[in-house]
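Breakdown of the fold
Given next are the chains, with one letter for each unit.
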There are 2 protein chains.
Amino acid sequence: MRGAVLHAPGDIRVEEVENPQITAPTDAVIRLAATCVCGSDLWPYRGIAPVEGPTPMGHEYVGVVEEVGSAVEHIKPGQFVVGSFATSDGTCEICLSGYPSSCVHRVFQSGTQAERARIPHADGTLVATPGMPDDDLVPSLLAASDVLGTGWFGAVAAEAGPGKTVAVVGDGAVGLLAVLAAKQLGAERIIAMSRHASRQKLASEFGATDIVTERGDEGVARVKELTGGLGAHSVVEAVGTQESMLQAVRSTRPGGHVGFVGVNHDVTLAGDELFFSQVHLHGGPAPVRQYLPHLIDLIWNREIHPGKVFDLDLPLDRAAEAYQAMDERRAIKALLRP
Amino acid sequence: MRGAVLHAPGDIRVEEVENPQITAPTDAVIRLAATCVCGSDLWPYRGIAPVEGPTPMGHEYVGVVEEVGSAVEHIKPGQFVVGSFATSDGTCEICLSGYPSSCVHRVFQSGTQAERARIPHADGTLVATPGMPDDDLVPSLLAASDVLGTGWFGAVAAEAGPGKTVAVVGDGAVGLLAVLAAKQLGAERIIAMSRHASRQKLASEFGATDIVTERGDEGVARVKELTGGLGAHSVVEAVGTQESMLQAVRSTRPGGHVGFVGVNHDVTLAGDELFFSQVHLHGGPAPVRQYLPHLIDLIWNREIHPGKVFDLDLPLDRAAEAYQAMDERRAIKALLRP
């Protein structure tokens, strides 16, 4: 089959790779209906995270189950499924407490930018849709598998809700969908931090009430100005850099909540600043699987349209163009069709 | 009047200082019934925090109101009062949200190791007891003004409660009272981390079910061993060093809560470790004022005896001995009687 493989920074190729097989009785093999490029794929693509030999890429996916292992009870061949980038057994104490992304048997999914993929712990990882989705729902269902679920977690971790002012640092797909999530969770006011016209527009469409174009300390000052000098109740951090983390912490009022979902790279936080900021800090790999039933329901009923973050739609064979467009921020998010 | 003044690291003297005056209409002046030495007083005493000229010491206090400013409405002369180390107006949005220790008008109290003290924002800071306390209640009421309130906040921030396993890093007065708080909050299992026999004994008396003597990575391994390999649900950090913060984060299961109340000194946290630990982190200067009515009630009804942390009781004039005993860890906490 065909699959996208990163050979070195900047060198992504779609080539013949091995067909996935059931290797554990809890596995499923799915045929991808759609997949996409993640902001986190750009870390190795840019050479910021190391590339140790040819790496099959991709961890976002929707598709049709082709085959399941002998121990899979709930997921059946022929079902259309959505899964998370972090596989989970669904039965351990950590899964049951609402954190499947830290499941004791977690594996980070890889190799879904391909025609087929093996999904470990199929029963605990995959959620079947009510039926075969209409074509227009596919991008939104695909978004649920990572960027929507991650933005949602960011908003939940930041305790977005009625009466709250929520600020979102980062205008990538995750940040934009954190805006959508905050809106769904009932936030009163949503401040999107963005300096790109097309992203500002989408943020407003998703529910942002205010746009802040300043960054760093100036961005913090602007958020404080908008919140009576106190800072936002809830801040979602959806970038993962030193600047964005500090911007998030400093934009939050004492007693407020920071939900951080940007994969942190070379970030260090000073203990005394965290101490005196008196914020709540929570984040990490999003427990997407926990939210999937609800998110699929919202999408199926056309109450939310997270698929709008895909502003580039290419056949899988043109993955290199997709990576390039996202790297250069010409695309918010690129969908790939195997 | 007499008051304790730190002149240089290790050089604490009780000497003649100016009598406090009402300087703002919201002030009160109290006559101290008892005061004490705080673990955080040891930072400048040890020269770890800078000493910039002679510094009046002390921020824990109980006493009788002598005088109030013209704008003080609720606190009256003659009342026995307990206050917090962080003064608060009690009316700002941050106070009303439950974080008086980050009040927009907060002042960190100082100079209570003395015969009298000026307390800013008396109405928002002080809580009167139901009457004049019996002598045996005074140490416990004094504990409420900082170490009990701080340990309580640590346990609340760590979300200690029914069904939870709580670990406490630090066996100073705050750590020991976090054990008491966790017990009061209904925790199922409480692991005290201590290698000092007298502190272990008090921890057990306050409700600890397990004692772990190992520190650092070995301490983490021991907590994991006691919690099915997962880590505790709730961990209170009550020291404030790099080692203790990492020990706390690493002893917590994914999705669990770290309440950190040790004043952080030279601590840095790696963003990626926090990210993948998936813990909740919350702490800072404890919003003691929020808890005082409940804590005073528990003490007044003799349901809790936090005053047991005072294992040294000296006249104010012997403050130097009190500092020395705490510095050398010969005393858990020293009470001073003006």
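Above this text is the structure in question.
Keep in mind that this is a model prediction, so the values were computed, not measured.

Parameters and conventions
- Just so you know, the residues in each chain are numbered from 1, in the order the chain's sequence is written.
- Going through the entries in the order they are written, you letter the chains from A and number the ligands from 1.
- Two thresholds apply to this predicted model, a pLDDT of at least 70 for residue-level local features and 80 or more for giving and counting side-chain atom pairs, whereas whole-chain, interface and lining totals are computed over all residues.
- Values reported for side chains reflect all heavy atoms of the structure, with hydrogen atoms and water molecules removed beforehand.
- In what follows, residue pairs with any heavy atoms lying within 4.5 Å of each other are defined as contacts.
- Buried area counts how much accessible surface, traced with a 1.4 Å probe, disappears from two parts once they are put together, with both parts' losses summed.
- We count a salt bridge whenever a side-chain nitrogen from Lys or Arg sits within 4 Å of a carboxyl oxygen from Asp or Glu.
- Working definition: helices are DSSP H or I runs of at least four residues, strands are E runs of at least two. Numbering for both runs from the N terminus.
- Note that Gly is not counted as nonpolar here; it falls among the polar residues with everything else outside the nonpolar set of Ala, Val, Leu, Ile, Met, Phe, Trp, Tyr, Cys and Pro and the charged set of Asp, Glu, Lys and Arg.
- Two strands are said to pair when DSSP picks up at least two bridges between them.
- For the exposure calls, accessible area comes from a 1.4 Å probe over protein chains only, and a residue counts as buried if that area is under 20% of its type's maximum, exposed if over 50%, partly exposed in between.
- The arc refers to the directions leading from the helix axis to the C-beta atoms.
- Simply put, an axis is a line fit to the C-alpha atoms, just over the touching stretch for a helix, and the angle between two N-to-C directions goes from 0 to 180 degrees.
- Copies are brought into register by a least-squares superposition over C-alpha atoms of residues with pLDDT of at least 70 in both.
- An angle below 35 degrees is read as roughly parallel, one above 145 as roughly antiparallel, one from 65 to 115 as roughly perpendicular, and any other as oblique.

This part is about the interface of chain A and chain B. Between chain A and chain B, the residue contacts involve 36 residues of the former and 36 residues of the latter. A buried area of about 2,900 Å², summed over both sides, lies between chain A and chain B, and 64% of it is on carbon and sulfur atoms. In terms of surface lost to chain B, no three residues of chain A exceed F275, F276 and Q278 of chain A, which account for 23% of the buried area on that side. Taken together, chain A and chain B are joined by 2 salt bridges. A salt bridge links R253 of chain A to E93 of chain B, with the nearest nitrogen and oxygen atoms 2.8 Å apart. Listed by contribution, the elements that provide at least two residues to the side of chain A that touches chain B are helix 2 (93-96), strand 15 (252-260), strand 16 (268-270), helix 10 (271-277) and strand 17 (280-283) of chain A. Counting residues per element, the side of chain A that touches chain B draws most heavily on helix 10 of chain A, at 5 residues. When the residues that make up the side of chain A that touches chain B are grouped by side-chain class, the tally is 20 nonpolar, 13 polar and 3 charged. In this sheet, strand 16 (residues 268-270) of chain B lies alongside strand 16 of chain A in antiparallel orientation, the contact comprising 3 bridges.

Residue and element names in this part refer to chain A. Among the residues making up helix 8 (residues 216-226), those that are buried are G216, G219, V220, V223 and L226. Buried positions in helix 8, seen along its axis, are confined to an arc of 125° and lie on one side of it. More than 90 degrees from the buried face of helix 8, the exposed residues found are D217, E218 and E225. If you follow the buried residues of helix 8, they end up packed against strand 12 (189-193), strand 13 (210-212), strand 14 (232-237) and helix 9 (242-250). Just downstream of helix 8 lies G228, where phi reads positive at about 60°.

The strand order across the open sheet built from 12 strands is 13(A)-12(A)-11(A)-14(A)-15(A)-17(A)-17(B)-15(B)-14(B)-11(B)-12(B)-13(B), with neighbouring strands paired in mixed fashion. Here the strands that pair on one side only, and so sit at the sheet edges, are strand 13 of chain A together with strand 13 (210-212) of chain B. Neighbour-to-neighbour, the strand axes of the sheet open up by a mean angle of 20°, direction not taken into account. Two strands pair when backbone bridges link them, and strand 11 (residues 165-169) of chain A and strand 14 of chain A are joined in this way by 4 bridges, in the parallel orientation. Of the residues in strand 14 of chain A, the one forming a bridge with A167 of chain A is V235 of chain A. Strand contacts of helix 8 (residues 216-226) of chain B: strand 12 (189-193), strand 13 and strand 14 (232-237) of chain B, with the helix running at about 165° to strand 12 of chain B, the strand carrying the most contacts. Contacting strand 11 (165-169), strand 12, strand 14, strand 15 (252-260) and strand 17 (280-283) of chain B, helix 9 (residues 242-250) of chain B runs over the sheet at an angle of about 145° to strand 15 of chain B.

Let us look at the relation of the copies chain A and chain B. Screw-axis analysis of chain A against chain B gives a translation of 0.0 Å along the axis, an RMSD of 0.0 Å, and a rotation angle of 180°. One copy is carried onto the other by what is essentially a two-fold rotation axis. Interface residue correspondence from chain A to chain B reaches 100%, placing this contact among same-surface, isologous pairings.

So, about the packing of helix 5 (residues 147-157) of chain A against helix 11 (residues 288-300) of chain A. Residues and elements named next belong to chain A. As a packed pair, helix 5 and helix 11 sit with axes 10 Å apart at the nearest point and diverge in direction by 110°. As far as their axial angle goes, helix 11 and helix 5 are roughly perpendicular. Along its contact with helix 5, which presents L148, G149, T150, W152, F153 and V156, the element helix 11 presents V288, Y291, H294, L295, L298 and I299. Here the contact of helix 5 with helix 11 is built from residues that sort into 9 nonpolar, 3 polar and no charged.

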